[in-house]
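Now for the letters of each chain:
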Amino acid sequence: MSFRFGQHLIKPSVVFLKTELSFALVNRKPVVPGHVLVCPLRPVERFRDLRPEEVVDLFQTTQMVGNVVEKHFCGTSLTISIQDGPEAGQTVKAGHRKLWSLSSPGSLHDVIWKCLHFYPK
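Let us look at the structure shown here. (Residues numbered from 1 in each chain as written. Predicted model: local features only at pLDDT ≥ 70, side-chain atom pairs only at ≥ 80, totals over all residues. Heavy atoms only, no water.)

**Points about the overall build of the protein chain**
- The secondary structure content of the protein chain amounts to two helices and seven strands.
- Starting at the N terminus, the α and β elements of the protein chain follow one another as β-β-β-β-β-α-β-β-α.
- A buried classification covers 40% of the 121 residues belonging to the protein chain.
- In the protein chain, of all internal contacts separated by at least 6 residues, the share reaching a separation of at least 24 is 51%.
- In the structure as shown, the protein chain presents an accessible area of about 7,300 Å², 57% of it carried by carbon and sulfur atoms. (Helix = DSSP H or I, 4+ residues; strand = E, 2+ residues; numbered from the N terminus. Buried < 20%, exposed > 50% of the residue type's maximum accessible area, 1.4 Å probe, protein only. Contact = heavy atoms within 4.5 Å. Areas by Shrake-Rupley, 256 points an atom, 1.4 Å probe, with all protein chains shown as cover.)

Written as structure tokens, this is what we have:
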């Protein structure tokens, strides 16, 4: 079985968690260590395309994964984002969540947001 993330097929070997309606994997091109993606099993292009039960599972899975990532990377905070549409910086047509752990605010946070195209130009 393979997983779909937008136009990409994901091998089961890179998926570290699968729930009834979601899966989680380490980002192939992480912005920082611990940069992971939580995705719905059913391929959708936008967040609005998710069914209510998929939204619940996606958020609960994100919370569970976030707790583990924050502890593993000795973080004190999490950044959890949804880039929903091209103007929001979405590069893969998949309704998913990004998260990573941060140990201190400031320059690292600024770099992350610059990478996600949210920083004013």
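**What about the packing of aromatic side chains?**
- Enumeration over the complete set of coordinates arrives at two aromatic pairs.
- Geometrically, the ring pair formed by F3 and F23 is tilted, given 4.8 Å between the ring centres and 35 degrees between the ring planes. Of this pair, F3 sits in strand β1 (residues 3-5) while F23 is found in strand β4 (residues 22-26), placing the two residues 20 residues apart along the sequence. Each member of the pair F3 and F23 is classed as buried.
- Pairing F47 with F59 gives two aromatic rings, centres 6.2 Å apart and planes at 65 degrees, and the pair type is edge-to-face. One end of the pair, F47, is in the loop between β5 (36-40) and α1 (52-72); the other, F59, is in helix α1, with 12 residues separating them in the sequence. (Phe/Tyr/Trp six-rings, centres within 6.5 Å; stacked < 30°, edge-to-face > 60°.)

**Some words on α1**
- Here α1 spans 30 Å end to end across 21 residues, near enough to the 30 Å set by a 1.5 Å rise per residue.
- Positive backbone phi, at 55 degrees, marks C74, one or two positions downstream of α1. (Expected span 1.5 Å × (residues − 1).)

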